[in-house]
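Chain by chain, the residues:
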Amino acid sequence: QKIVPGLPRGAELAKSLADRCSYPFTLNGDLAKVAEYFLYKKSGNRKLLEEAVQQAIQKPCCPPRPIHTVLAQLKPVKIIITTNYDRMIEEEAQKYRRLSWHFYSRIGSENARFDHSPSIRPDEVVVYKMHGTIEKPETMVISESDYIYYLTHIYDRERGIPYFFRKTWLPYCNLLFLGYSLEDWDFKVIWEGMLSDY
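A. Molecular detail of helix α5 (residues 88-96). Every buried residue belonging to α5 is among Met88, Ile89, Glu90, Glu92 and Ala93, and all of these are buried. Buried residues in α5 make contact with α4 (66-73), β1 (79-82), β2 (98-103) and β3 (124-129).

Okay, structure coming up:
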């Protein structure tokens, strides 16, 4: 599979961070573990971690992938939940439909209060970035500590997955997971946070 320059996969981003902090353990592509060690080696300096991730993915030198274009044009697709930090899906969606987008913030609750009508307009797509966004690097879920905090607050109406997704809309939708395995923590978070109590 051809990789778009400037958009590393999680394992590639983990390797990039590992090289920067002389990661001493076996590198198995676990971005959260490597990011946690990176923070340890940098005396907890979160800014250095955010800058390293930004440098890796902020300026893609190619247009969005075909999957972004296809999803943006599929009118029956009303909600897109992504763990990607980049803005490719939002930029592509804006070309074809009205876009409402929302991102998780690990540092505050204001972004989790996502007021949205239960009825999504026919020409609208809603994008939820469950790991934050590169535009605001302080919001990104990267390290193991970030994931623990995220899971701790998953049912919190102020800081967890927005109520609109968990209770109002997604339980009545058909879901298509792209790029996840059943062992993926992101899949487990989505499943537990939105569907487990139905």
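B. How the structure looks around the sheet that holds β2. Pairing within the open sheet is parallel, and its 3 strands lie in the order β1-β3-β2. Edge strands, defined here as strands with exactly one partner in the open sheet, are β1 and β2. Neighbour-to-neighbour, the strand axes of this sheet turn through a mean angle of 15°, independent of strand direction. Pairing analysis gives 6 bridges linking β2 to β3, with the strands arranged parallel. Paired with phenylalanine 103 across the two strands is lysine 129, which belongs to β3.

C. The arrangement of the pattern of salt bridges in detail. Summed over the entire model, instances satisfying the criterion amount to 10 salt bridges. A salt bridge links lysine 33 to glutamate 144; its shortest N-O distance comes to 3.1 Å. Residue lysine 33 is located in helix α2 (residues 31-41), and its partner glutamate 144 is located in helix α6 (residues 144-152); the two are separated by 111 residues in the primary sequence. A relative accessible area of 30% places glutamate 144 in the partly exposed class. Of the charged contacts, one joins glutamate 135 and arginine 87 as a salt bridge, the two residues approaching to 3.4 Å between their closest N and O atoms. Placement of glutamate 135 in the loop between β3 and α6 and of arginine 87 in the loop between β1 and α5 is noted, with a sequence separation of 48 residues between them. A relative accessible area of 44% places glutamate 135 in the partly exposed class.

D. View of the nonpolar core. Of all hydrophobic cores here, the largest spans 20 residues; its most connected members are Leu17, Leu31, Leu49, Val53, Tyr85 and Ile142. Looking at this core, the elements with two or more residues in it are α1 (10-21), α2 and α3 (46-57). The leading source of residues in this core is α2, at 6 residues. Look past the residues within four positions of leucine 31 in its chain and what remains in contact with it is Gly10, Leu13, Ala14, Leu17, Tyr85 and Ile142. Ranked by size, the runner-up nonpolar core spans 18 residues in total, among them Tyr128, Tyr147, Ile161 and Ile190.

E. Inspection of the environment of valine 126 at higher detail. Structurally, valine 126 is set in strand β3. Judged by relative accessible area, valine 126 falls into the buried class, the value being 0%. For the pair valine 126 and isoleucine 81, spaced 45 residues apart in sequence, the C-alpha to C-alpha distance is 8.4 Å.

F. Structural view of the environment of lysine 42. Mapped onto the elements, lysine 42 comes out in the loop between α2 and α3. Here lysine 42 falls in the partly exposed class, since its relative accessible area comes to 28%. On a C-alpha basis, the gap between lysine 42 and cysteine 21 in space is 8.0 Å, while along the polypeptide they are 21 residues apart.

G. Representation of the pairing of β3 within the structure. Counting buried positions along β3 yields 6 of 6 residues, so the element is predominantly enclosed. Covered by surrounding structure in β3 are Glu124, Val126 and Tyr128 together with Val125, Val127 and Lys129, the residues of both alternating faces.

H. Spatial organisation of the packing of α1 against α3. The N-to-C vectors of α1 and α3 enclose an angle of 130°; their axes lie 11 Å apart at closest approach. One element, α1, and the other, α3, form an angle in the oblique class. As for the relative orientation of α1 and α3, their crossing is right-handed in sense. Facing Leu13, Leu17 and Arg20 of α1, the residues of α3 in contact are Leu49, Ala52, Val53, Gln55 and Ala56.

Procedures and definitions
- Residues numbered from 1 in each chain as written.
- Predicted model: local features only at pLDDT ≥ 70, side-chain atom pairs only at ≥ 80, totals over all residues.
- Heavy atoms only, no water.
- Buried < 20%, exposed > 50% of the residue type's maximum accessible area, 1.4 Å probe, protein only.
- Helix = DSSP H or I, 4+ residues; strand = E, 2+ residues; numbered from the N terminus.
- Contact = heavy atoms within 4.5 Å.
- Pairing = 2+ DSSP bridges.
- Axes fitted to C-alpha atoms, helices over the stretch in contact; angles between N-to-C directions.
- Salt bridge = Lys/Arg side-chain N within 4 Å of Asp/Glu carboxyl O.
- Core = buried A, V, L, I, M, F, W, Y, C linked by side-chain atoms within 4.5 Å.
- Parallel < 35°, antiparallel > 145°, perpendicular 65-115°, else oblique.
- Left-handed = near helix turned anticlockwise from the far one by under 90°.

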